2 protein chains.
Amino acid sequence: MSKKFVERITGMDEDFAQWYTDVVTKAELVDYSSVRGSMIIRPYGYALWENIRNELDRRIKETGHENVYMPLFIPESLLQKEKDHIEGFAPEVAWVTHGGDEKLAERLVVRPTSEVLFGEHYKNIIHSYRDLPKLYNQWANVVRWEKTTRPFLRTLEFLWQEGHTCHETDELAQEETVKMLEVYAEICEKFLAIPVVKGQKTEKEKFAGAKHTYTIESLMHDGKALQSATSHHLGDGFARAFGIQFLDREGKQQYVQQTSWGFTTRIIGAMIMVHGDDRGLVVPPRIAPTQLMIVPIAQHKEGVLDFAFDLKERLAAQFRVGIDASDKKPGWKFNEYEMKGIPLRLEAGPRDIEQNQVVLVRRDTGEKLTVSVDGLESTIASVLEDIQASLLEKARQHREDKTSVAVTFDEFKTQLEEKAGFIKAMWCGEQSCEEKIKEETSATSRCMPFEQESLADECVCCGAKAKHMVYWAKAY
Amino acid sequence: MSKKFVERITGMDEDFAQWYTDVVTKAELVDYSSVRGSMIIRPYGYALWENIRNELDRRIKETGHENVYMPLFIPESLLQKEKDHIEGFAPEVAWVTHGGDEKLAERLVVRPTSEVLFGEHYKNIIHSYRDLPKLYNQWANVVRWEKTTRPFLRTLEFLWQEGHTCHETDELAQEETVKMLEVYAEICEKFLAIPVVKGQKTEKEKFAGAKHTYTIESLMHDGKALQSATSHHLGDGFARAFGIQFLDREGKQQYVQQTSWGFTTRIIGAMIMVHGDDRGLVVPPRIAPTQLMIVPIAQHKEGVLDFAFDLKERLAAQFRVGIDASDKKPGWKFNEYEMKGIPLRLEAGPRDIEQNQVVLVRRDTGEKLTVSVDGLESTIASVLEDIQASLLEKARQHREDKTSVAVTFDEFKTQLEEKAGFIKAMWCGEQSCEEKIKEETSATSRCMPFEQESLADECVCCGAKAKHMVYWAKAY
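Residues numbered from 1 in each chain as written. Chains lettered and ligands numbered in written order. Predicted model: local features only at pLDDT ≥ 70, side-chain atom pairs only at ≥ 80, totals over all residues. Heavy atoms only, no water.

Caption draft 1: Main features of the overall build of chain A. Within chain A, the secondary structure is distributed over 15 helices and 23 strands. Computed over the C-alpha atoms, the radius of gyration of chain A is 25 Å, within 12% of the 23 Å expected from 2.2 N^0.38 for a compact globule of 476 residues. Along the longest, intermediate and shortest principal axes, the C-alpha atoms of chain A span 80 × 55 × 50 Å. Taking all 476 residues of chain A together, the buried fraction comes to 60%. Here chain A has roughly 19000 Å² of accessible surface; of this, 46% comes from carbon and sulfur atoms. (Helix = DSSP H or I, 4+ residues; strand = E, 2+ residues; numbered from the N terminus. Rg over C-alpha atoms; globule rule 2.2 N^0.38 Å. Buried < 20%, exposed > 50% of the residue type's maximum accessible area, 1.4 Å probe, protein only. Areas by Shrake-Rupley, 256 points an atom, 1.4 Å probe, with all protein chains shown as cover.)

Caption draft 2: A look at the domain arrangement of chain A. All names here are of chain A. Taken domain by domain, chain A consists of domain 1 (2-275), domain 2 (292-383) and domain 3 (403-473). Between the C-alpha centres of domain 1 and domain 2 the distance comes to 39 Å. Between domain 1 and domain 2, the contact holds 9 residues from the first and 7 residues from the second. Summed over both partners, the interface of domain 1 with domain 2 comes to about 800 Å²; 63% of that surface belongs to carbon and sulfur atoms. On the surface where domain 1 and domain 2 come into contact, there are 1 salt bridge. Note that Glu28 is salt-bridged to Lys340, the shortest N-O span being 3.4 Å. Our enumeration of links across domain 1 and domain 2 arrives at 2 residue pairs in polar contact (both at pLDDT 80 or more). Counting only elements with at least two residues in the side of domain 1 that touches domain 2, the list comes to α1 (2-6) and α3 (43-62). (Domains from an automatic or database assignment. Contact = heavy atoms within 4.5 Å. Buried area = accessible area lost by both parts, 1.4 Å probe. Salt bridge = Lys/Arg side-chain N within 4 Å of Asp/Glu carboxyl O. Polar contact = N/O pair within 3.5 Å; in protein donor to acceptor, adjacent residues only side chain to side chain.)

Caption draft 3: Expanded view of helix α13 (residues 376-401) of chain A. Given a rise of 1.5 Å per residue, 26 residues ought to cover 38 Å, and the 37 Å separating the end C-alpha atoms of α13 of chain A matches this to within 8%. Within α13 of chain A, the full set of buried residues consists of Leu376, Glu377, Ile380, Val383, Leu384, Ile387, Gln388, Leu391, Leu392, Ala395 and Arg399 of chain A. (Expected span 1.5 Å × (residues − 1).)

Caption draft 4: View of the environment of Thr21 of chain A. All names here are of chain A. Mapped onto the secondary structure, Thr21 falls in helix α2 (residues 16-26). Note on Thr21: relative accessible area 24%, which makes it partly exposed. When the C-alpha atoms of Thr21 and Glu250 are compared, they prove to be 59 Å apart, with 229 residues separating the residues in sequence.

Caption draft 5: Quick look at the relation of the copies chain B and chain A. In screw terms, the move from chain B to chain A is a rotation of 180° and a rise of 0.0 Å along the axis, fitting with an RMSD of 0.0 Å. As the rotation angle and translation indicate, the two copies are arranged about a two-fold axis. The position closest to the rotation axis in chain B is occupied by the C-alpha of Val96 of chain B, lying 2.1 Å away. The share of interface residues of chain B whose copies in chain A are also at the interface is 100%, consistent with both copies meeting through the same surface. (Least-squares fit on C-alpha atoms with pLDDT ≥ 70 in both.)

Caption draft 6: Representation of helix α3 (residues 43-62) of chain B in the model. Residue and element names in this part refer to chain B. Taking 1.5 Å as the rise per residue, α3 with 20 residues should run 28 Å; its terminal C-alpha atoms sit 28 Å apart, in good agreement. In terms of burial, α3 is largely enclosed, as 15 of its 20 residues are buried. Where α3 terminates, the next one or two residues include Gly64, which has phi positive at roughly 90°.

Caption draft 7: A look at a negative patch on the surface. Taken together, the side chains of Asp13, Glu14, Asp15 and Asp278 of chain A present a region of like negative charge at the surface. Positionally, Asp278 of chain A belongs in the loop between α9 (266-275) and β15 (292-296). (Patch = residues over 30% accessible without salt bridge, like charges linked within 9 Å, V, L, I, M, F, W, Y side chains within 5 Å. Lys, Arg positive; Asp, Glu negative; His and termini not counted. Charge placed at Lys NZ, Arg CZ, Asp CG, Glu CD.)

Caption draft 8: Spatial organisation of the pattern of salt bridges. Residues and elements named next belong to chain A. Taken as a whole and assessed by the stated rule, the structure comprises 68 salt bridges over all chains. The shortest N-O distance in the salt bridge between Asp277 and Arg279 comes to 3.9 Å. Take Asp277: its relative accessible area is 18%, and that puts it in the buried class. Members of the salt-bridge network, linked through shared partners, are Glu55, Arg58, Arg59, Glu62, Glu186 and Lys190.

Below, the structure written as structure tokens:
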């Protein structure tokens, strides 16, 4: 069965890009449409996003933020108010030029991000330190005119949340920026079982208009890195551009200090590429739309379906449970739910029922467990927790295996070629070295991790005095 | 206090439009931006929408629907596939003509609604009757290029859900169309305390591309009607345009029968205009972001703040509770939370605490209740339920007072002038009469209610044989 199934999708190690495409379509996460570069997120993919979103939204609210909704369109003149920002985004925006039959007097941009809209609003509503902090967030769709696109990873339109906050001081803004990065890291590690490296982006890689950008970086099965979320300390750049001032505690006019931070549907692509295997998707139990799928065996025999449906009702009180009582052969069902990465399968046939037992099959390891129906809830709960922990541990191990240290540029190149993955290496801080490394190896600086190590005294590229330890990798 | 406050907003009966604008801004539901016709939904407005959305989403899922997400953009050629549909929507869409620096080969429409995107997708995924029904829904933003706009009621961009379903037969599609209209009616009546008239739209007023459109219509304080949600039986029009066929149970190729239905942020405008008064917003308890606001009295006195915060913690287990312990004067606080329409205010001062009591003040009636702290939860619960029921009853009474029967066209005109509101009158079924009525009175046919009455034998306009009883009104 497994063998027959494997032939249906491309092997990961054979053609990883094709494997990815096979998985996202065959697991019914997305469908293509006639809209170039956009995807249809199908029920299974959207249910995943809803689970991720609900967990993140809860934490965003717990940390004192409020949700708002800003307009989709941005007048060209508004986007131009912050110079670095427009320079960064102008090449990749969609332009609305006509409304109905009329040509617009001013072109509108379909938001690629909403700093300028928040900037304008904050100017209206902030007057005194009593109005601070302002901790806003929005869940929205944004558009970036990408040339090459892939479902979840890089699409013309994607879904995300974008937080935008204003603070009295630089220190408070810095604290917020890092706090939200930690929230993102927690969602990745605790729910998506994706281990991340937390750190700061270099000047070259930071957000257009930011003072500092922080990032969480994860490593995919093929050894390429994926920027999983970013959090920006904006300083007072937007505040000066938009005139967002407040009367401080000493009665002086000050510019607010701002942050922005975003988490997108891209993370679903990361989840696929971190946990998936040759049989398809593997979804971590905590965010799985269906945690357990019941497949009755020999369901035409008396009592089997009743037993299975009773079990479903019983387990649904505690777990997200599905049941497939269709007339498809069990083997087909096994394949389908393996492809969809459902963490646990429960098989129950006449013999099991007689012996008051069922069979649990783990998606991650394939392990079969024959367990008693008595106390089944606690068995399932502990197996799901074990799957969740194992996925994180396996991903961590994979990342460690794929992380190397390079002291010389030759080592850098050799390791990148042989192992792919993250390269930890020292850097002098000069953009010219970043550019040279990118040119010669295609690897980019992923981040200067919070946990710095002193691997050498010299820059891996130019040999000058090293300032930072950097994670480098080829990236999505 | 109340008097001082009243002067801050325009009276309802003085200038209803200005009153509305005052309320939406002063209650901090929205802010304007430099994007013409678009609104910023502020935290309080968005929290209202989240509560409405969560209730509706739960019911959409309980009735077997799954959420998906479709692209924001629609290629021009795709929109043109269904003729009535493009004719209806072309005058009011926003056109994207450029991506980055490049002119697009084909223009894209920013979705005004997504029938054609669902049509294309359904063609891909439906093959047999086993694939039916398909019951999809999406939560999204849509854009319609409106000339005159008002927050919530008519905006360039708005938020909504749009359901799109496919069925084997006309009867099943009809059943679905009416079922979802009932869900909308339940949300309006049970949660928003807005009574609705359920009925069918005339040919003239139906959705572009639909076979039948059903609607729920509500009546605002000023006597104008508001279309509160619609549900469309699409027949096989889109199915034929997009080639959505399936192999039926007899092995024959058939076109699917479709429905679509939508519920928008517009409903917040209805809530404001149905329940609001000269002191501002009145929010029904079941959807209120804050159901109860605690205002400590003489809070500098020993024990008052401790008492108030303990009470907040205790009540938060059962209600959505706020507390305002800022240094503003109680009178200012009263005004602010009355403007925001918070259903109940709880006052607690030193004397109350001594006597183990608090004061509850109802937003709807202004009634003050001195109640014991013992069993406070059940007192509050019953007062909130009473407010919820009273609001619905009051709105129902208002609608009845503003509903008249007209047998002759003269009566029609007089009643419309004198009472505004709904006019129930018989109609021959001819579009020419609908047009004449609109031309001479500005009233439009709101719906042919499910509950038909025989008021006369002749059409109120032309005197020909009457076919339907119709609700007429001037409308938003």
